[in-house]
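Secondary and tertiary structure notes
As a plain string of letters, each chain reads:
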Amino acid sequence: MIKEYLLSEENQRILISVKRSSRKSIGLEVRAAGEVIVRIPNRLSDKRLKEFIESHKTWIFQKIALIKQKTESKKELRVPAWDTLSDTEREKIKEKISHRIQYYSKKMQVEYQRVTIRNQKTRWGSCSSKGNLNFNYRLFYLPEELLDYVVVHELAHRRYMNHSPQFWQEVETYCPDYETCRKKLGEYRFATEEENENL
(Lines give C-alpha, C1' and ligand atoms only; values in the text may rest on other atoms or scores of the structure.)
Protein backbone atom coordinates (compact mmCIF):
# COMPACT_ATOMS: atom_id res chain seq x y z
CA MET A 1 0.00 0.00 0.00
CA ILE A 2 1.41 3.34 -1.10
CA LYS A 3 2.07 5.87 1.67
CA GLU A 4 3.89 8.43 -0.48
CA TYR A 5 3.82 9.17 -4.19
CA LEU A 6 6.44 11.10 -6.14
CA LEU A 7 4.82 13.24 -8.81
CA SER A 8 7.14 14.49 -11.55
CA GLU A 9 6.79 17.04 -14.34
CA GLU A 10 9.80 18.21 -16.38
CA ASN A 11 12.30 19.42 -13.73
CA GLN A 12 9.76 19.54 -10.87
CA ARG A 13 9.10 16.83 -8.31
CA ILE A 14 6.55 16.77 -5.51
CA LEU A 15 6.28 14.14 -2.79
CA ILE A 16 2.61 13.54 -2.00
CA SER A 17 1.57 12.12 1.38
CA VAL A 18 -1.16 9.48 1.28
CA LYS A 19 -3.56 9.27 4.24
CA ARG A 20 -5.93 6.31 4.39
CA SER A 21 -9.07 6.27 6.54
CA SER A 22 -12.64 5.02 6.64
CA ARG A 23 -13.77 7.90 4.41
CA LYS A 24 -15.75 7.08 1.25
CA SER A 25 -14.39 9.72 -1.12
CA ILE A 26 -10.97 10.92 -2.30
CA GLY A 27 -9.75 14.30 -1.09
CA LEU A 28 -6.82 16.33 -2.39
CA GLU A 29 -5.26 19.15 -0.36
CA VAL A 30 -2.41 21.54 -1.16
CA ARG A 31 -1.40 23.38 2.00
CA ALA A 32 -0.06 26.92 2.26
CA ALA A 33 3.47 25.62 2.90
CA GLY A 34 3.35 23.65 -0.36
CA GLU A 35 2.67 20.26 1.24
CA VAL A 36 0.37 18.01 -0.81
CA ILE A 37 -1.87 15.43 0.87
CA VAL A 38 -4.28 12.99 -0.71
CA ARG A 39 -6.87 11.40 1.59
CA ILE A 40 -8.35 8.14 0.38
CA PRO A 41 -10.61 5.26 1.51
CA ASN A 42 -8.80 2.32 3.13
CA ARG A 43 -9.79 -0.07 0.35
CA LEU A 44 -8.74 2.09 -2.59
CA SER A 45 -6.20 0.24 -4.76
CA ASP A 46 -2.75 1.64 -5.48
CA LYS A 47 -3.63 1.56 -9.19
CA ARG A 48 -6.70 3.75 -8.67
CA LEU A 49 -4.69 6.06 -6.40
CA LYS A 50 -2.00 6.59 -9.05
CA GLU A 51 -4.63 7.24 -11.71
CA PHE A 52 -6.32 9.84 -9.49
CA ILE A 53 -3.07 11.70 -8.69
CA GLU A 54 -1.86 11.66 -12.30
CA SER A 55 -5.22 12.94 -13.54
CA HIS A 56 -4.86 15.92 -11.18
CA LYS A 57 -1.20 16.57 -11.99
CA THR A 58 -1.81 19.87 -13.81
CA TRP A 59 -4.00 21.21 -11.00
CA ILE A 60 -1.44 20.24 -8.33
CA PHE A 61 1.48 21.94 -10.09
CA GLN A 62 -0.62 25.04 -10.78
CA LYS A 63 -1.50 25.29 -7.07
CA ILE A 64 2.15 24.85 -6.06
CA ALA A 65 3.22 27.56 -8.53
CA LEU A 66 0.55 29.93 -7.17
CA ILE A 67 1.71 29.36 -3.58
CA LYS A 68 5.33 29.98 -4.60
CA GLN A 69 4.33 33.19 -6.37
CA LYS A 70 2.42 34.45 -3.32
CA THR A 71 5.31 33.58 -1.01
CA GLU A 72 7.84 35.41 -3.17
CA SER A 73 5.64 38.53 -3.24
CA LYS A 74 5.48 38.70 0.56
CA LYS A 75 7.62 41.03 2.62
CA GLU A 76 10.51 39.29 4.26
CA LEU A 77 10.55 39.86 8.01
CA ARG A 78 14.24 39.75 8.89
CA VAL A 79 14.73 38.99 12.57
CA PRO A 80 17.45 37.38 14.72
CA ALA A 81 17.25 33.59 14.90
CA TRP A 82 15.60 32.37 18.13
CA ASP A 83 18.66 30.33 19.11
CA THR A 84 20.90 33.40 18.93
CA LEU A 85 18.81 35.46 21.37
CA SER A 86 20.12 35.89 24.90
CA ASP A 87 17.95 35.29 27.98
CA THR A 88 17.74 39.06 28.42
CA GLU A 89 16.51 39.55 24.85
CA ARG A 90 13.94 36.76 25.20
CA GLU A 91 12.72 38.28 28.46
CA LYS A 92 12.38 41.67 26.75
CA ILE A 93 10.25 40.09 24.01
CA LYS A 94 8.02 38.30 26.52
CA GLU A 95 7.68 41.47 28.60
CA LYS A 96 6.44 43.52 25.65
CA ILE A 97 3.94 40.92 24.48
CA SER A 98 2.77 40.19 28.06
CA HIS A 99 2.18 43.91 28.63
CA ARG A 100 -0.22 44.05 25.67
CA ILE A 101 -1.96 40.85 26.83
CA GLN A 102 -2.52 42.32 30.29
CA TYR A 103 -3.82 45.57 28.81
CA TYR A 104 -6.35 43.92 26.49
CA SER A 105 -7.42 41.15 28.88
CA LYS A 106 -8.57 43.82 31.34
CA LYS A 107 -10.23 45.81 28.58
CA MET A 108 -11.99 42.73 27.18
CA GLN A 109 -12.68 41.32 30.66
CA VAL A 110 -11.31 37.87 29.88
CA GLU A 111 -8.93 35.68 31.83
CA TYR A 112 -6.07 33.53 30.59
CA GLN A 113 -3.58 31.06 32.03
CA ARG A 114 0.00 30.57 30.90
CA VAL A 115 1.74 32.75 28.29
CA THR A 116 4.48 31.14 26.18
CA ILE A 117 6.65 32.85 23.58
CA ARG A 118 7.85 30.42 20.93
CA ASN A 119 9.71 30.11 17.67
CA GLN A 120 6.60 29.11 15.73
CA LYS A 121 7.13 28.31 12.08
CA THR A 122 3.73 29.15 10.60
CA ARG A 123 1.52 30.78 13.23
CA TRP A 124 1.50 34.18 14.90
CA GLY A 125 -0.38 32.96 17.95
CA SER A 126 -2.75 30.38 19.41
CA CYS A 127 -5.08 29.86 22.36
CA SER A 128 -5.82 26.49 23.94
CA SER A 129 -9.16 25.46 25.41
CA LYS A 130 -7.53 25.72 28.86
CA GLY A 131 -6.69 29.37 28.26
CA ASN A 132 -2.97 28.97 27.59
CA LEU A 133 -1.66 31.53 25.10
CA ASN A 134 1.21 30.99 22.67
CA PHE A 135 2.79 33.77 20.64
CA ASN A 136 5.41 33.90 17.92
CA TYR A 137 8.51 35.79 19.08
CA ARG A 138 8.63 37.56 15.70
CA LEU A 139 5.65 39.68 16.78
CA PHE A 140 8.11 41.74 18.79
CA TYR A 141 9.59 43.05 15.53
CA LEU A 142 6.29 43.96 13.87
CA PRO A 143 4.44 47.30 14.03
CA GLU A 144 2.60 47.53 17.36
CA GLU A 145 -0.87 47.60 15.77
CA LEU A 146 -0.21 44.16 14.29
CA LEU A 147 0.96 42.81 17.64
CA ASP A 148 -2.19 44.22 19.23
CA TYR A 149 -4.39 42.58 16.60
CA VAL A 150 -2.87 39.14 17.25
CA VAL A 151 -3.28 39.63 21.03
CA VAL A 152 -6.93 40.67 20.63
CA HIS A 153 -7.52 37.76 18.23
CA GLU A 154 -6.22 35.17 20.69
CA LEU A 155 -7.97 36.72 23.71
CA ALA A 156 -11.25 36.73 21.76
CA HIS A 157 -10.88 32.94 21.65
CA ARG A 158 -11.38 32.98 25.42
CA ARG A 159 -15.02 33.70 24.60
CA TYR A 160 -15.36 31.93 21.26
CA MET A 161 -13.15 28.94 20.43
CA ASN A 162 -14.00 29.30 16.74
CA HIS A 163 -14.05 31.88 13.96
CA SER A 164 -17.79 32.50 14.00
CA PRO A 165 -19.41 35.88 13.18
CA GLN A 166 -19.65 36.46 16.95
CA PHE A 167 -15.91 35.89 17.28
CA TRP A 168 -15.06 38.45 14.58
CA GLN A 169 -17.51 40.90 16.11
CA GLU A 170 -15.63 40.55 19.40
CA VAL A 171 -12.33 41.18 17.63
CA GLU A 172 -13.74 44.23 15.84
CA THR A 173 -14.96 45.72 19.12
CA TYR A 174 -11.38 46.03 20.39
CA CYS A 175 -9.57 46.22 17.05
CA PRO A 176 -11.83 48.13 14.60
CA ASP A 177 -9.29 47.93 11.76
CA TYR A 178 -8.69 44.19 12.24
CA GLU A 179 -9.32 43.44 8.55
CA THR A 180 -6.49 45.78 7.52
CA CYS A 181 -4.19 44.30 10.19
CA ARG A 182 -5.07 40.78 9.11
CA LYS A 183 -4.22 41.63 5.50
CA LYS A 184 -0.90 43.24 6.50
CA LEU A 185 0.08 40.18 8.55
CA GLY A 186 -0.52 38.01 5.51
CA GLU A 187 1.97 40.12 3.55
CA TYR A 188 4.88 38.95 5.70
CA ARG A 189 6.85 35.77 5.38
CA PHE A 190 9.05 34.43 8.15
CA ALA A 191 12.81 34.65 7.77
CA THR A 192 15.64 34.78 10.28
CA GLU A 193 19.16 36.08 9.84
CA GLU A 194 20.30 32.48 9.90
CA GLU A 195 17.93 31.58 7.06
CA ASN A 196 18.86 34.67 5.06
CA GLU A 197 22.48 33.53 4.89
CA ASN A 198 21.38 30.39 3.08
CA LEU A 199 19.21 32.15 0.46
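Residues numbered from 1 in each chain as written. Predicted model: local features only at pLDDT ≥ 70, side-chain atom pairs only at ≥ 80, totals over all residues. Heavy atoms only, no water.

**Topic: the pairing of strand β4 (residues 36-41)**
Going by this rule: Each residue is assigned to one of three classes by its accessible area relative to the maximum for its type, calculated with a 1.4 Å probe on protein chains only: buried under 20%, partly exposed between the two thresholds, exposed over 50%. A run of H or I in DSSP counts as a helix once it spans at least four residues, and a run of E counts as a strand once it spans at least two, with each numbered from the N terminus. Here, strands pair whenever DSSP counts at least two bridges between them.
Taking burial as the measure, the six residues of β4 include five buried ones, the bulk of the element. Alignment of strand β2 (residues 12-21) against β4, held across six bridges, turns out to be parallel. Looking across to β4, one finds that K19 is bridged to R39. In the sheet, strand β3 (residues 27-30) pairs with β4 via four bridges, with the strands oriented antiparallel. Across the sheet, residue V30 finds its bridge partner in β4, namely V36. What sits between β3 and β4 in their antiparallel hairpin is a turn of five residues, with G34 showing a positive phi close to 95°.

**Looking at the state of the cysteines**
Heads up, the condition is: Defined by distance alone, a disulfide is two cysteine sulfur atoms within 2.5 Å.
Considering all chains together, one arrives at zero disulfides under this definition. Residue C127 stays outside any disulfide, its sulfur separated by 17 Å from that of C175, the closest cysteine. For C127, a relative accessible area of 13% translates into the label buried.

**Concerning the sheet that holds strand β7 (residues 125-127)**
For clarity, the threshold we go by: Inter-axis angles, ranging from 0 to 180 degrees, are taken between N-to-C directions of lines fitted to C-alpha atoms, where helices are fitted over the stretch in contact. Only heavy atoms matter for contacts: two residues are in contact if any of them lie within 4.5 Å across the pair.
In spatial order, the strands read β6-β8-β7; together these three strands make up an open sheet with mixed pairing. The sheet is open, and its two borders are formed by β6 (115-118) and β7, each paired with just one other strand. Direction aside, neighbouring strands of the sheet carry axes that sit 15° apart on average. Pairing analysis gives three bridges linking β7 to strand β8 (residues 133-136), with the strands arranged antiparallel. What sits directly across from S126, in β8, is N134. Sitting on the sheet, helix α3 (residues 87-108) touches β6 and β8, and the angle it makes with β6 is about 135°. Where helix α4 (residues 144-156) meets the sheet, it contacts β7 and β8, and its direction lies at approximately 155° from that of β8.

**A look at the side chain of N134**
Secondary-structure assignment places N134 in strand β8. Overall, the relative accessible area of 12% leaves N134 in the buried class. Other than its neighbours up to four places away in sequence, N134 contacts T116, R118, Q120, W124, G125 and S126.

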